[in-house]
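# Structural features, examined
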Amino acid sequence: MMLKNKFLPSVRGWWPHSGIIAVVVLLALICCCRPVAASDVKNMESDRKDGVCWTRVGQPCPLKCAFELFDTTFLNNTKMLEIVRGQKDFNLPIITANRKLVASEDGGLRNPSYLVFNSGWGSEQSQHATKKFNYPSLSGIKKPRSEEDIAFMSVLELGELIRTKQITSKELTRIFLKRLKRYNDVLEAVVTYTEELAYKQAKEADQLLAKGVYLGPLHGIPYGLKDIIAVPHYKTTWGSRSFKNQVLDIEAWVYKRLKAAGAVLVAKLVSGSLAYDDIWFGGRTRNPWNIEEFSTGSSAGPAACTSAGMVPFAIGSETAGSVTYPAARCGVTALRPTFGTTGRTGVMSISESLDKLGPFCRSAADCAIVLDAIRGKDPDDLSSRDIPLGDPFLVDIKKLTVGYLEDAEMEVVHVLASKGVKMIPFKLNYTVDSVQGILNFTMDVDMLVHFDEWQRSRHDDVYEAQEQWPTELRRARVIPAVDYVQAQRARGKLIREVKESFTVDAFIGNATDWERVCLGNLVGIPVIVVPTGFKSISNSPHSNHTRRRTTITTGIYAPPERDHIALALAMAFQSVTNHHKQRPPIDNLGPSDPIQSLPK
């Protein structure tokens, strides 16, 4: 759901990078401090004025310094001591009671917050039943002779092969399980093979078809789930050493939806540890287009496996960039939908107002098909909704006005203009200058709520990447409630300003610009990542002899609940281009590359 930015310097650098906050709070706010002597007050005042207050940590009861961390130095010493006593007598009993009541389990699987975020811009919610999309019909699709060619067919094409009984679901399942096992040693993208379940589901799909029952384009199609999504009887590790043996007796809502559509689960795919970046307890997931480069973003497994033809599609998640970044790095088409489009029951939670599930696919059309299967109201997810999306296959793009930012890939602009779309220069204007900080406050505090016990039990001491969640969650421990709520008020202002500035039907721009990633997730707007080409790897010792490439992508953004507009524009672009059909060179990396062959 979350990633550590690989493309720009860390935006979290403005925080003090140490565990000093937790130390100060334990010393000064919770423990019984000795009375503050007049000499202490004088020294602390002097230190604060001289900017050396941090050096006094470790001295007895650095009370003034502790309150300085909360920007509350306007309080006098009497008031500060009164707060310390009140913290012990009033706050701590409530905190302890609440923690015992709802924070004894990690992962946020139960007791969701009732502070529900609604990303919709309309004043009323539609009560109409969600209508299914009208999928295009294919004819004349023939089964390729090569398993490699089969592996890179689209969902629609594979679905047609199954519907016309040119191939069985069992055969497809065997092909994709074989590819998963073949390439995983290089890519480190699979956590668990669900082989027994896969063949069981494939058999059921084939039996239904034999009886004349066809469930639609996902009938019998193999796929993978990011390993923060629970499936009974199989490990759901959240990518972390702390939970690598965890089995949850929960059927995630998105898994239920895909099962009902006839899809076949073949693997649980890598999530970066606790949905942060691409590092997990078993290694680090690689980019199929350049195996010396990592996937980046916690939906690393879904991106890498879809890119390499190891699955036809996969489900990932995003809190802050973990769909957009790995999709861009691995060169696949992926959709981060409107917040609330898809239910999250049975999914590890970072932030209930930011987390989203989305598909990684070969094409925008495949994204539309998968989205259609997994969208809708999840009765146990308070933020999910029956969003009345239009049908992306029926959108008249000639009636659309689409903006393009300065960092948009101009090929997309020119192609859409040639197809009759009105293209205009565009800039998204807003005055809120703390977008990244608002996201940090929201995400880190919400994450700590869901992993309070994990931190208190000191499991963060053996975490895979100490500079990631352990550091951030220790800082989150002392963010005052009032400032968390103020951040949500600032978020509301940002939403209003973006709504007023969004004067086009959609806009095109870089999908991995960090400010835009933060803004898009805070506002809840959808974006589809679209491959637009490749470039040679700069300064590579293998650049003259390798087929490795750096992928080029762009994002097509739409207002909330207008996912169909972004999908329609992406489909229009891909209808006359073939960037999304290219295959990474895993089997033929080049004569100068260190990995020459793979096990058969």
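Cut-offs used in this document
- Numbers given for residues are sequential positions, taken from 1 along each chain in its written order.
- Totals for whole chains, interfaces and linings use all residues, but because this is a predicted model, local features are given only for residues with pLDDT of at least 70 and pairs of side-chain atoms are given and counted only at 80 or more.
- With hydrogens and water stripped out, all remaining heavy atoms of the structure feed into the side-chain values.
- Helix axes are fitted to C-alpha atoms over the stretch in contact, other axes to C-alpha atoms as well, and angles between N-to-C directions run from 0 to 180 degrees.
- Strands here mean DSSP runs of E at least two residues long; helices mean DSSP runs of H or I at least four residues long; both are numbered from the N terminus.
- Every angle not falling under 35 degrees, over 145, or within 65 to 115 is termed oblique; those three ranges are roughly parallel, roughly antiparallel and roughly perpendicular.
- Here a crossing is called left-handed whenever its near helix is offset anticlockwise from the far helix by less than a right angle, and right-handed whenever the offset is clockwise.
- Contact definition: two residues touch when any of their heavy atoms are within 4.5 Å.
- Each residue gets one of three labels, nonpolar for Ala, Val, Leu, Ile, Met, Phe, Trp, Tyr, Cys and Pro, charged for Asp, Glu, Lys and Arg, and polar for the others, Gly among them.
- A 1.4 Å probe rolled over the protein chains alone gives each residue an accessible area, and that area as a share of the maximum for its type sets the label: buried under 20%, exposed over 50%, partly exposed in between.
- For two strands to be treated as a pair, DSSP must find no fewer than two bridges joining them.
- A clockwise course of the path from the first strand over the helix to the second, judged with the strands pointing away from the viewer, identifies a crossover as right-handed.
- Known as pLDDT, the predictor's confidence for each residue is given on a scale from 0 to 100.
- A pair of Phe, Tyr and Trp rings is counted when the ring centres sit within 6.5 Å of each other, with Trp represented by its six-membered ring. The angle between the planes then sorts it: under 30 degrees is stacked, over 60 is edge-to-face, the rest tilted.
- By the criterion adopted, a ring carries a charge over it if an Arg CZ or a Lys NZ lies within 6 Å of its centre and within 35 degrees of its normal.
- The criterion is simple. A nonpolar core is a set of buried Ala, Val, Leu, Ile, Met, Phe, Trp, Tyr and Cys residues joined through side-chain atoms within 4.5 Å.
- The domain limits used here are those given by an automatic or database domain assignment.
- By the criterion applied in these results, polar contacts are pairs of N or O atoms within 3.5 Å in which, for protein atoms, one can donate a hydrogen and the other can accept it, and in which residues neighboring in sequence qualify only through two side-chain atoms.

## Thoughts on the packing of helix H7 (residues 169-187) against helix H8 (residues 195-210)
Closest axis-to-axis distance for the H7/H8 pair is 8 Å, and the angle between their directions is 155°. With respect to each other, H7 and H8 are oriented roughly antiparallel. H8 is crossed by H7, and the crossing has right-handed handedness. For the pair formed by H7 and H8, the contact residues are Ser169, Lys170, Thr173, Arg174, Leu177 and Lys181 on the first element and Glu195, Ala198, Tyr199, Ala202, Ala205 and Asp206 on the second. Class assignment of the residues belonging to the contact of H7 with H8 gives a composition of 5 nonpolar, 2 polar and 5 charged.

## Let's talk about the side chain of Thr192
Inspection of the secondary structure puts Thr192 in strand S1 (residues 190-193). A residue is classified by how much of its surface remains accessible, and Thr192, at 16% relative accessible area, is buried. If we skip the residues at most four places from it in the chain, Thr192 touches Tyr234, Lys235, Ala267 and Lys268.

## Overview of the pairing of strand S10 (residues 356-361)
The buried fraction of S10 amounts to 6 of the 6 residues, a majority that puts the element mostly inside the structure. In this sheet, S10 lies alongside strand S8 (residues 314-318) in antiparallel orientation, the contact comprising 5 bridges. Across the sheet, Ser317 pairs through a bridge with Leu357, a residue of S10.

## Section: the environment of Phe441
Locating Phe441 in the fold gives a position in helix H14 (residues 435-450). Classification of Phe441 as buried rests on a relative accessible area of 17%. Put simply, Phe441 and Val485 are 44 residues apart on the chain and 9.6 Å apart in space, counted from C-alpha to C-alpha.

## Looking at the sheet that holds S10
Across the sheet, 11 strands lie side by side as S1-S3-S2-S8-S10-S9-S14-S15-S13-S11-S12; this open sheet has mixed pairing. Of all the strands in the sheet, just S1 and strand S12 (422-425) have a single pairing partner and so form its edges. This sheet shows a mean twist of 30° between the axes of neighbouring strands, independent of strand direction. Bridging between S1 and strand S3 (residues 264-269) involves 3 bridges; their strand directions are antiparallel. Across the sheet, the residue bridging to Thr192 is Lys268, located in S3.

## A short note on the pairing of strand S2 (residues 222-226)
Burial of S2 is extensive: 5 of the 5 residues sit out of reach of the surface. In S2, alternate side chains face the same way, and those of Pro222, Gly224 and Lys226 on one face and Tyr223 and Leu225 on the other are all buried. Pairing of S2 with S3 involves 5 bridges; the strand directions are parallel. Bridging from a neighbouring strand, Pro222 pairs with Val264 of S3. Tracing the backbone out of S2, into helix H9 (residues 253-260) and back to the parallel element S3 gives a crossover that is right-handed. Of the strand pairs in this sheet, S2 and S8 are connected by 2 bridges, and their pairing is parallel. Residue pairing in the sheet places Leu225 in a bridge with Ile315 of S8.

## Regarding unusual backbone geometry
Located in the positive-phi region is Lys165, a residue other than glycine, with phi close to 60°. In this fold, Lys165 is placed in the loop between helix H6 (155-163) and H7. With phi around 55°, Trp238 is a residue other than glycine that occupies positive phi space. Along the chain, Trp238 falls in the loop between S2 and H9. Here Trp238 falls in the buried class, since its relative accessible area comes to 0%.

## A word on the confidence of the model for the protein
Confidence in the prediction of the protein, expressed as mean pLDDT, is 87, and 85% of residues score 70 or more. Contacts of residues 4-36 to residues separated by more than four positions or lying in other chains number 76 contacts, the stretch itself having pLDDT below 50.

## What to know about the packing of aromatic side chains
Aromatic ring pairs: the centre-centre distance and the angle between the two ring planes describe each pair. Tallying each qualifying case throughout the model produces 16 aromatic pairs. Seen in terms of ring centroids, Trp238 and Phe451 are 5.7 Å apart; in terms of plane orientation they differ by 80°. Their pairing is edge-to-face. Here Phe451 lies in the loop between H14 and helix H15 (452-456) and Trp238 lies in the loop between S2 and H9, a separation of 213 residues in the sequence. The burial state of Trp238 is the same as that of Phe451; both residues are buried. A ring pair is formed by Trp454 and Tyr463, whose centres lie 5.6 Å apart and whose planes are at 80°; its orientation type is edge-to-face. Assessed through its relative accessible area of 1%, Trp454 is described here as buried. Through pairs of rings, three or more aromatic residues link up here, namely Trp238, Phe243, Phe451, Trp454 and Tyr463. Cation over ring: Arg284 sits above Phe294, and NZ or CZ is 4.1 Å from the ring centre. The lysine or arginine in question, Arg491, covers the ring of Phe117, its NZ or CZ lying 4.2 Å from the ring centre.

## Quick notes on helix H18 (residues 514-523)
The element H18 is extensively covered by neighbouring structure, given that 9 of its 10 residues are classed as buried. All of the buried residues along H18 are Trp514, Arg516, Val517, Cys518, Leu519, Gly520, Asn521, Leu522 and Val523.

## Brief notes about the environment of Asp563
If you trace the backbone, Asp563 turns up in helix H19 (residues 563-574). Separated by 226 residues in sequence, Asp563 and Pro337 place their C-alpha atoms 6.4 Å apart. The residues contacting Asp563, other than those within four sequence positions of it, are Pro337, Thr338, Thr341, Leu389 and Pro526.

## Regarding the nonpolar core
Counting residues in each nonpolar core, the largest one holds 159 residues, and the members touching the most others are Leu180, Leu218, Leu258, Leu274, Phe313, Ile315 and Leu569. Two domains each put at least three residues into this core: domain 1 (76-110 + 432-501) and domain 2 (169-428 + 502-538 + 547-581). Sequence-distant contacts of Phe313, defined by excluding residues within four places in its chain, comprise Val155, Leu218, Ile221, Pro222, Tyr223, Gly224, Leu258, Ala263, Thr306, Phe360, Cys361 and Val370. Judged by nonpolar contacts, the second largest core, of 5 residues, contains Leu63, Phe67, Met80 and Val84.

## Focus on the side chain of Ser119
With respect to the secondary-structure elements, Ser119 resides in the loop between helix H4 (77-102) and helix H5 (147-151). For Ser119, a relative accessible area of 2% puts it in the buried group. Here Phe339 takes part through its backbone oxygen, which lies 2.9 Å from a polar atom of the side chain of Ser119. With near-sequence residues (within four places) excluded, Ser119 lies in contact with Thr338, Phe339, Arg385, Val523, Gly524 and Pro560.

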